[in-house]
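Read off the chains here:
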Amino acid sequence: MTSTVGYEIRRATTEQELHAALELRHDVFCVEQGVPEHEELDGRDRDGLHLIAVEDNELLGTCRLLMVGATAQLSRLAVRASARRRGIATALLAASDAQTRAAGGRRIVLHAQTYARRLYELTGYRPRGRVFTEAGIEHVAMEKHL
Ligand SMILES: CC(C)(COP(=O)(O)OP(=O)(O)OC[C@H]1O[C@@H](n2cnc3c(N)ncnc32)[C@H](O)[C@@H]1OP(=O)(O)O)[C@@H](O)C(=O)NCCC(=O)NCCS
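Residues numbered from 1 in each chain as written. Predicted model: local features only at pLDDT ≥ 70, side-chain atom pairs only at ≥ 80, totals over all residues. Heavy atoms only, no water.

Caption draft 1: Just the pattern of salt bridges, in detail. Tallied over the entire structure, the rule returns 18 salt bridges. In this structure, Arg46 and Glu15 form a salt bridge, with 2.9 Å as the shortest nitrogen-oxygen distance. Of the two residues, Arg46 sits in the loop between α2 (37–40) and β2 (49–55) while Glu15 sits in helix α1 (residues 15–32), which places them 31 residues apart along the sequence. The partner of Arg80 in a salt bridge is Glu58, and the shortest N-O contact between them spans 3.3 Å. A residue pair is termed long-range when its members are at least 10 positions apart, and Arg80 in the loop between β4 (71–79) and α3 (88–102) and Glu58 in strand β3 (residues 58–68) qualify at 22 residues. According to the relative accessible area criterion, Glu58 is partly exposed, its value standing at 39%. (Salt bridge = Lys/Arg side-chain N within 4 Å of Asp/Glu carboxyl O. Helix = DSSP H or I, 4+ residues; strand = E, 2+ residues; numbered from the N terminus. Buried < 20%, exposed > 50% of the residue type's maximum accessible area, 1.4 Å probe, protein only.)

Right, here's the structure in full:
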């Protein structure tokens, strides 16, 4: 989907790509952020659609969308530490909008880690409700109407 920036955003279609996405999530959430493995792997990966950012055959970012009626639940947004601040998360969020629309969805909801709230605000999400703790990390619920 994107070429001038060096990485490509697309849906994970093979077992190998899904496996690479899960490995990146493990590195980012479990190793870097200390999220327990049983919370990171919630048993819903087979129900969801996974987007990936790939450059030179290396998986640099991922996120997951679960459709519940006209609402998509976005989660597991992770970018490899060495590839951050290059717009990869922003591009994954834009692709999530497109995928959700294509599936007939009208809204995306997510739990944002509060430190990353700006990322979501810049892409059109608004907070709803209070700050809460999930997996030991401060979060706020956010949503975007498409
Ligand atoms: C949060 C995360 C996904 C951002 O990925 P990224 O590809 O670096 O994000 P982008 O380059 O698209 O950032 C776009 C904008 O969001 C904001 N932003 C991104 N990371 C931020 C951070 N760590 N702190 C504050 N603002 C941030 C900035 O405004 C940034 O624009 P700028 O680089 O011009 O300042 C990445 O840091 C990550 O994987 N973190 C660990 C896992 C995590 O926290 N996931 C999110 C769960 S809610």
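On we go.
Caption draft 2: Region of interest: the layout of surface pockets. The volume enclosed by the largest pocket comes to roughly 1,200 Å³. In terms of lining, the largest pocket is formed by 43 residues, of which the most central are Phe29, Leu77, Gln113, Ala116 and Tyr120. Residues of the lining of the largest pocket, tallied by class, amount to 21 nonpolar, nine polar and 13 charged. Considered as a void within the structure, the second largest pocket measures approximately 170 Å³ in volume. Lining the second largest pocket, in full, are Arg11, Ala12, Thr13, Thr14, Glu15, Leu18, Asp45, Arg46, Gly48, Leu49 and His50. For the lining of the second largest pocket, the elements supplying multiple residues, two or more each, are α1 and β2. Here the residues of the lining of the second largest pocket are counted per class, giving three nonpolar, four polar and four charged. (1 Å grid on protein atoms, 1.4 Å probe; cavity = no way out; pocket = protein on both sides within 12 Å on 5 of 7 lines; lining within 4 Å. Points joined across faces, edges and corners; volume = space filled by probe spheres on them. Nonpolar A, V, L, I, M, F, W, Y, C, P; charged D, E, K, R; others polar.)

Caption draft 3: Quick peek at the pairing of β3. Counted residue by residue, β3 has eight buried out of 11 residues, so it is predominantly covered. Summarising the sheet, β2 and β3 pair through seven bridges and their orientation is antiparallel. Across the sheet, Ala53 pairs through a bridge with Gly61, a residue of β3. Hairpin geometry of β2 and β3 is characterised by an intervening segment of two residues between the two adjacent antiparallel strands and by a positive phi of about 50° at Asp56. (Pairing = 2+ DSSP bridges.)

Caption draft 4: Molecular detail of the site of the ligand. Near the ligand you find 21 residues, and of these Val79, Arg85, Gly87, Thr90 and Tyr115 are the closest. Note that an oxygen atom of the ligand is positioned 3.3 Å from one of the side-chain N or O atoms of Gln33. In this structure, Val79 approaches the ligand through a main-chain N or O atom, which is 2.8 Å from an oxygen atom. Burial of the ligand by the surrounding chains reaches 79%, relative to a free accessible area of 900 Å². Under a 2 Å grid-point criterion requiring more than half of the atoms, the pocket assigned to the ligand is the largest pocket. Secondary-structure elements contributing two or more residues to the shell around the ligand are α1, β4, α3, β5 (107–113) and α4 (117–122). Looking at which element gives the most residues to the shell around the ligand, the answer is α4, with four residues. A breakdown of the residues in the shell around the ligand according to their chemical character gives 12 nonpolar, five polar and four charged. (Near = heavy atom within 4 Å. Polar contact = N/O pair within 3.5 Å; in protein donor to acceptor, adjacent residues only side chain to side chain. Areas by Shrake-Rupley, 256 points an atom, 1.4 Å probe, with all protein chains shown as cover. Sits in = over half its atoms within 2 Å of the grid points.)

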